[in-house]
Amino acid sequence: MKYLLSQKKILIIAISVAMLLSLGRLIKSNFDSSWFIVAGSDYVDPAKTPLPIIVQPGQGYDGQFFYRYALNPYDFNNTRYGIKVDHPPYRVQRIAYPFLAWLLSCCGNPHLVPWAMLFLNIAAFTGIFFYTNKFIAFVNGAIKQGLFPLFLCGIYMSLSRDLSEVVELFFFTGSIYYLF
């Protein structure tokens with residue numbers, strides 16, 4: 001029996017991988033989507049955040065700054081919503097991910113922002129496969145090459161945290177496809 005991959009099957013694989021990785025992390029956190037933020041006590045005061053989020057001792061990770069800007073991407077103050085931004089000019093350069101999360105969360109609804117950030121990464125991961133497969137079809141490549149994004153090791157870390165790399169790669173693959 002010959003097993004054939006199709007673009008639809010590859011997209012189903014992509015969605016399944018993203019959902020399984022995210023679901024595993026959600027189960028570990030008792031379905032608290034703020035776990036993906038990876039907020040650290042050096043930059044986040046949990047008593048001042050709009051809603052309780054998980055804050056770990058230490059510096060945390062980039063997601064805490066994306067979370068802060070997803071609450072209001074038009075507010076560039078160093079400290080707001082209980083989060084102190086370490087390097088505002090650098091963080092604002094990566095505003096697309098928090099801005100899209102802000103839009104998706106009904107303009108920064110604190111209840112929806114962590115879920116919007118998670119959903120965006122899952123959708124972007126699927127979109128990476130979509131554009132990769134469209135490009136491979138365009139150049140008459142083998143359909144199994146559409147699984148290539150599964151071998152981008154860093155993408156899995158980005159799915160397990162609120163990071164902008166998945167959305168950045170989505171825009172990059174889309175740009176490459178439309179360039180050609």
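The coordinates are above.
Residues numbered from 1 in each chain as written. Predicted model: local features only at pLDDT ≥ 70, side-chain atom pairs only at ≥ 80, totals over all residues. Heavy atoms only, no water.

Draft legend 1. Inspection of the side chain of Arg25 at higher detail. Position of Arg25 among the secondary structure elements: in helix 1 (residues 7–28). This buried residue, Arg25, is left without a salt bridge; Asp162 holds the nearest opposite charge, at 8.3 Å. Those residues in contact with Arg25 that sit more than four places away from it in its chain are Trp35, Phe36, Val38, Ser160 and Arg161. (Helix = DSSP H or I, 4+ residues; strand = E, 2+ residues; numbered from the N terminus. Buried < 20%, exposed > 50% of the residue type's maximum accessible area, 1.4 Å probe, protein only. Lys, Arg positive; Asp, Glu negative; His and termini not counted. Salt bridge = Lys/Arg side-chain N within 4 Å of Asp/Glu carboxyl O. Contact = heavy atoms within 4.5 Å.)

Draft legend 2. Molecular detail of the side chain of Asn121. Turning to its location among the elements, Asn121 is positioned in helix 5 (residues 113–138). For Asn121, the side chain forms a polar contact with the main-chain oxygen of Ser158, separated by 3.5 Å. In contact with Asn121, other than residues within four places in its own chain, are Tyr97, Ser158, Leu159, Arg161, Asp162, Leu163, Val166 and Val167. (Polar contact = N/O pair within 3.5 Å; in protein donor to acceptor, adjacent residues only side chain to side chain.)

Draft legend 3. Geometry of the environment of Leu71. Along the chain, Leu71 turns up in helix 2 (residues 63–71). Taking the C-alpha atoms as reference points, Leu71 and Tyr177, 106 residues apart in sequence, are found 32 Å from one another. What Leu71 contacts, discounting residues up to four positions off in sequence, is Pro50, Tyr81, Trp102, Cys107, Gly108, Pro110 and Val113.

Draft legend 4. Structural detail: unusual backbone geometry. Positive phi outside glycine occurs at Cys106, with the angle close to 60°. With a phi close to 65°, Cys107 is a non-glycine residue in the positive phi region.

Draft legend 5. Broad picture of the environment of Asn121. On the accessibility criterion, Asn121 (1% relative accessible area) is buried. Separated by 39 residues in the primary sequence, Asn121 and Ser160 have C-alpha atoms spaced 9.2 Å apart.

Draft legend 6. Geometry of the pattern of salt bridges. Evaluated as defined, the whole model comprises eight salt bridges. Residue Asp62 pairs with Arg91 through a salt bridge whose shortest N-O separation is 3.1 Å. Within this pair, whereas Asp62 is found in the loop between strand 2 (55–56) and helix 2, its partner Arg91 is found in helix 3 (residues 88–92), the two being separated by 29 residues in sequence. Each member of the pair, Asp62 as well as Arg91, is classed as buried. Bridged by salt links that share partners, the residues Asp62, Asp86, Arg91, Arg94, Glu165 and Glu168 form one connected network.

Draft legend 7. Main features of the packing of helix 4 (residues 96–104) against helix 5. Interhelical geometry of helix 4 versus helix 5 gives an angle of 115° and a closest axis separation of 8 Å. In terms of crossing hand, the pair formed by helix 4 and helix 5 is right-handed. Side by side, helix 4 and helix 5 meet where Tyr97, Leu100, Ala101 and Leu104 of the first sit next to Ala116, Met117, Phe119, Leu120 and Asn121 of the second. Residue composition of the contact of helix 4 with helix 5, by class: eight nonpolar, one polar and no charged. (Axes fitted to C-alpha atoms, helices over the stretch in contact; angles between N-to-C directions. Left-handed = near helix turned anticlockwise from the far one by under 90°. Nonpolar A, V, L, I, M, F, W, Y, C, P; charged D, E, K, R; others polar.)

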